[in-house]
Amino acid sequence: MNNQDLNIWQEEEDDFNLRDFVFKYLRNWYWFVLSVVICSILAFLYLRYSTPIYDVSATLLVKDEEKGLTGGTEMLEELGMLGGSKLVENEIEVLRSRTLMEKVVDGLNLTVSYWHEGNIRDVELHSSSPVKINAADISSFGYQNHLYIEPLDSSKYAMLDQNKDLMGEFLYSDLVNSKYGAFRVFQVDSSAEKLSTDRYIKVHFANRDAKVSSMIEGLTAELVNQKSTVIKLGMEHALPKKGKQILGKLLDEYAFASLEDKNREATNTLNFIEDRLKLITSELGDVEQDVEQYRRSAGITDLSTEANLFLEKVKDNDTKLNEVDIQLRVLDGVERYLSSNQYASVSPGALMVSDPIITSYINQLSELELEREELARTTTANNPFLKTLQTQQANIKQAIRENIRNQKASLQVTKSGLETLNSRLESSISAIPRKERQYVEIKRQAGIKENLYLLLLEKREETALSYASTVTDSRVVDQPYTSNQPVKPKNKIVALMGLLLGLVIPAAYINGKELMTYTVQSKKEIEKETGLSVFGEIGIKPKEEKGEILNVNSRSFVSEQFRMIRSNLSYLFSDEKKDGVLGKVISITSSVPGEGKSFVTGNIAASLGLLGKKVVILGLDLRKPMIHEYLSLKNKQGVTNYLAGKAEADELILATQISNVYMIPAGPIPPNPSELLAKPEMTELVNGLKKTFDYILLDTPPTSLVTDAVLLAPLSDVCFYVIRQNKSPKALLPKVKEIKEKEVFSSMHVLFNAVDYTRNAEYGYGYGYSYSYQKGTTGNKMKLLYDNIVRLSKLK
């Protein structure tokens, strides 16, 4: 690290001063105390009157076989290379669906709420309300405004608008049509003792869609563990009982919807079988009547052994042929199912497929359709995942069609063989006598219908058994329960926030005020921005001092500061004569008017005169001369007269009321001050005064307005640059640094004027007291001690 880096590091380290930082806030301790008290009171009022919110939870187990995957698949899931179970994720979305939530809202009548109106906050009554309202059609006005119900007796009530203006008296259960809409009011049982406490029932109507949306937004559903299928449902509600009712109703509706969905397939199959049974029963009855009628008409009581043999063979062959026809019709039904694009609900024909491969394909197709519909609701048509699902569906459909073609071809071959066998059997039957042959034909048709009837009965019983044994794929692990303590507001956090705000607000105000202050506030700012050390500080002029020139015999703090500046002047000058003269020239300037330049000039001169030094003040602020007024002198003629060649220097020197202090006023205001000050006569005037006076003080104009002070710089041995607290703009400090860097003055020093030590964090407790060298009585000492204590309290 080189020296330049070390210096930069040290400068950055010096920027922060812990002592200054602490005293900046310690001085305003009372603001912090007041702010903490107010914020604590506000926190208490917030906790006292805010509505407590409770957490309502329930857990649900979803039976998901896919969660049983182990081995490599489980490892891939942990690495995030495989997604979670689609079944569980789908169930979470179902639980948060609008369909279920609409059933909950309708079932619990959540669009109407009942409130007890309080002075500060309202309290929801819910189940303790003495009345209930069934809304038929609520108007937009009703959604935006509340109304009041006043129970009068067991048969009627009064209705009031939002301003509690009476709208009329009505009987319970009567339909009321008003500007709020159409609704009926019912009296709740055992509400008589509530009438005295809740005279007015405040009623709010909520829009159904808005209520459903807000409840879905407030409902959380998440997996308890990524490796499990347990879903935790949660919501926050001001009324724990109502919250539990909502979650309980949601779980009931979810279970009912799940059973309804699972039974829909069995119901469709049962309906299909029942329709077929009605048709077959009718046909079977007709055939049996034909058999009975033919036997009576033909006089046949029984068939011969040969006819029975052929009949049994034909019946057996017809049964096989009938089964083939059924399978072909089922495959035709599957093809229609594929063409309909309705894969979410399986067709009755598809449910009767006996081939396990086709059944597996159909189940996969149905699951993919459910995923596609869910994804289509939340994404665009060009979503890559959606296109992937569509591609998978197309591949499965193609596989199903190819499998159907193969099975159809096989069934057609079987059917052709059975039909050929039937033809041979029919030719054999033709050899039987005509009456028996006709009877065999009729008996054969009856056998076909009977076998088909028995097959449908068997299928119906199987489907009915499946329907009766249907259970949901979920189980409630924990019924809805609530937290013992409110989750909002949290007492400790609110109290802590009140304390922190009580500390932050005044600190922010102090820092904000400091940032918004555009004037110089401290010595540290001056030294940081200008690179100049503060040569001396001057406090605020005591109130007991009437004029601008202080009493030279005073022992006030400010007078002592001027004497300190006078003492430090010895370090700026040597006692050796320069060019045969002993006079020292001090230039005093500032950035803007009003910084106390003339005040400092006059009091430094007075302090030097007290030591017996002969001092002359030159009023060189030719545009706005002021210092002659401080010394009670007239400005009839002065420097401008000398520079214009109209007077001699000796004629212009005026004695002041201060011992050893003289002055040459500025004189009449000229039209060209800068040109006059640049004349050689100005140098001659100063050089002449050096021979007579020990100190020549040049009261020059501000540097930021004119260049007069810069023109006089070569004449000065030392320049005092006056900067005033709460007056000098911070923006002009770089200008002071620029003057220093350009070495306009051979020796330049800063005087910090009008410093208020009681309000400046930079000085801590070390300042702010007044002292005196005069001896006093015990009473004066006590008074002095009291004054110091008061000033110290102001510092805090």
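This is a predicted model, so every value here is computed, not measured.

A.B. asks: Help me understand the overall build of the protein chain in this model?
C.D. replies: Looking only at helices and strands, the protein chain has 26 helices and 21 strands in total. In the protein chain, 76% of the contacts between residues at least 6 apart in sequence involve partners at least 24 apart. When the accessible surface of the protein chain is split by element, carbon and sulfur atoms take 52% of a total near 44,100 Å².

A.B. asks: What should I look at first to understand the sheet that holds strand 5 (residues 147-151) in this one?
C.D. replies: Backbone hydrogen bonds are what pair the strands of a sheet, in a parallel or an antiparallel way. In spatial order, the strands read 3-2-10-5-6-7; together these six strands make up an open sheet with antiparallel pairing. Since the sheet does not close on itself, it has two edges, and those belong to strand 3 (123-124) and strand 7 (166-171), each with one partner.

A.B. asks: Which parts of the structure should I look at to understand the packing of aromatic side chains?
C.D. replies: For any two aromatic rings, the description comes down to two numbers: the centre-to-centre distance and the angle of the planes. The full count for this structure, using the stated rule, is eleven aromatic pairs. Seen in terms of ring centroids, tyrosine 157 and phenylalanine 170 are 5.9 Å apart; in terms of plane orientation they differ by 35 degrees. Their pairing is tilted. A residue pair is termed long-range when its members are at least 10 positions apart, and tyrosine 157 in strand 6 (residues 156-160) and phenylalanine 170 in strand 7 qualify at 13 residues. Residue classification places tyrosine 157 among the buried positions, given a relative accessible area of 0%. Members of the aromatic cluster, connected to one another through ring pairs, are Trp29, Tyr30 and Trp31. Against the face of tyrosine 695 rests lysine 584, its NZ or CZ located 5.7 Å from the ring centre. Lysine 614 extends its terminal NZ or CZ atom over the ring of phenylalanine 693, reaching a point 5.0 Å from the ring centre.

A.B. asks: Looking at this structure, how should I read the sheet that holds strand 17 (residues 654-655)?
C.D. replies: With respect to topology, eight strands assemble into an open sheet ordered 14-21-20-15-19-16-18-17, the strand pairing being mixed. In this open sheet, the two strands that pair with only one neighbour each are strand 14 (534-539) and strand 17. In this structure, strand 16 (residues 615-619) lies alongside strand 19 (residues 695-699), joined through five bridges in parallel fashion. Counted as the bridge partner of valine 616 is isoleucine 696 from strand 19. The strands that helix 17 (residues 557-568) touches are strand 14 and strand 21 (748-755); relative to strand 14, the one it contacts most, it runs at about 160 degrees.

A.B. asks: Could you clarify how one ought to interpret the packing of helix 16 (residues 523-530) against helix 25 (residues 733-741) in this entry?
C.D. replies: The geometry of a pair of packed helices is captured by two quantities: the angle between their axes and the separation between those axes. The interhelical angle for the contact between helix 16 and helix 25, taken along N-to-C directions, is 50 degrees, at an axis separation of 8 Å. Considered as vectors, helix 16 and helix 25 are oriented oblique to each other. As helix 16 packs across helix 25, the resulting crossing turns out to be right-handed. Taking contact as the criterion, the partners of Glu525, Ile526, Glu529 and Thr530 in helix 16 are, on helix 25, Leu733, Val736, Lys737 and Lys740. Tallied by class, the residues present in the contact of helix 16 with helix 25 amount to three nonpolar, one polar and four charged.

A.B. asks: In this structure, what is going on with the environment of aspartate 332? I would like to understand it.
C.D. replies: Inspection of the secondary structure assignment puts aspartate 332 in helix 10 (residues 305-340). Expressed as a C-alpha distance, the spacing of aspartate 332 and isoleucine 404, which sit 72 residues apart in the sequence, is 8.8 Å.

A.B. asks: Help me understand the pattern of salt bridges, please; the structure alone is not making it clear to me.
C.D. replies: Where side chains of opposite charge bring their charged atoms close, a pairing between them can arise. Tallying each qualifying case throughout the model produces 18 salt bridges. Salt-bridge contacts for lysine 202 lead to glutamate 117; the nearest nitrogen and oxygen are separated by 3.8 Å. Within this pair, whereas lysine 202 is found in strand 10 (residues 201-205), its partner glutamate 117 is found in the loop between strand 2 (112-116) and strand 3, the two being separated by 85 residues in sequence. With a closest N to O distance of 3.4 Å, lysine 730 and glutamate 525 form a salt bridge. Of this pair, lysine 730 sits in the loop between strand 20 (718-724) and helix 25 while glutamate 525 sits in helix 16, and the two are 205 residues apart along the sequence. Looking at lysine 730, the relative accessible area reads 25%, which means it is partly exposed. Residue classification places glutamate 525 among the buried positions, given a relative accessible area of 19%.

A.B. asks: So what exactly am I meant to see when it comes to helix 6 (residues 98-108) here?
C.D. replies: Because each turn of an α-helix spans 3.6 residues, side chains separated by three or four positions end up pointing in the same direction. For helix 6, the complete set of buried residues consists of Leu100, Met101, Val104 and Val105. Buried positions in helix 6, seen along its axis, are confined to an arc of 135 degrees and lie on one side of it. Following helix 6 by one or two positions, asparagine 109 adopts a phi angle in the positive range, close to 55 degrees.

A.B. asks: Would you take a moment to explain the environment of serine 366 for this structure?
C.D. replies: Checked against the element boundaries, serine 366 lands in helix 12 (residues 356-376). The buried category is assigned to serine 366, whose relative accessible area is 9%. Along the primary structure serine 366 and glutamine 393 are separated by 27 residues, whereas in three dimensions their C-alpha atoms are 9.1 Å apart.

A.B. asks: How should I be thinking about the pairing of strand 10 in this particular structure?
C.D. replies: With respect to burial, strand 10 is a largely interior element, four of its five residues being buried. Bridge count between strand 5 and strand 10: three bridges; the pairing is antiparallel. The residue of strand 10 that forms the bridge with tyrosine 148 is lysine 202.

A.B. asks: In this structure, what is going on with helix 16? I would like to understand it.
C.D. replies: Every buried residue belonging to helix 16 is among Glu525, Ile526 and Thr530, and all of these are buried. Buried residues of helix 16, viewed axially, fall in a sector of 100 degrees; they line one side. Of the surrounding elements, those touching the buried residues of helix 16 are strand 14, strand 20, helix 25 and strand 21.

A.B. asks: What exactly am I supposed to notice about unusual backbone geometry here?
C.D. replies: The bulk of non-glycine residues show a negative phi, and the bulk of peptide bonds are trans. Here the residue pair lysine 488 and proline 489 is connected by a cis peptide bond, since its omega of -10 degrees sits within 30 degrees of zero. Positionally, proline 489 belongs in the loop between strand 13 (474-482) and helix 15 (491-516). Phi at lysine 164 is positive, roughly 65 degrees, even though this residue is not glycine. When you line up the elements, lysine 164 lands in the loop between strand 6 and strand 7. Backbone geometry at alanine 754 places phi at a positive 55 degrees, although glycine is not the residue there. Summarising the element assignment, alanine 754 is placed in strand 21.

So, how was this worked out
- Residues numbered from 1 in each chain as written.
- Predicted model: local features only at pLDDT ≥ 70, side-chain atom pairs only at ≥ 80, totals over all residues.
- Heavy atoms only, no water.
- Helix = DSSP H or I, 4+ residues; strand = E, 2+ residues; numbered from the N terminus.
- Contact = heavy atoms within 4.5 Å.
- Areas by Shrake-Rupley, 256 points an atom, 1.4 Å probe, with all protein chains shown as cover.
- Pairing = 2+ DSSP bridges.
- Phe/Tyr/Trp six-rings, centres within 6.5 Å; stacked < 30°, edge-to-face > 60°.
- Buried < 20%, exposed > 50% of the residue type's maximum accessible area, 1.4 Å probe, protein only.
- Lys NZ or Arg CZ within 6 Å of the ring centre and 35° of its normal.
- Axes fitted to C-alpha atoms, helices over the stretch in contact; angles between N-to-C directions.
- Parallel < 35°, antiparallel > 145°, perpendicular 65-115°, else oblique.
- Left-handed = near helix turned anticlockwise from the far one by under 90°.
- Nonpolar A, V, L, I, M, F, W, Y, C, P; charged D, E, K, R; others polar.
- Salt bridge = Lys/Arg side-chain N within 4 Å of Asp/Glu carboxyl O.
- Arc of directions from axis to C-beta.

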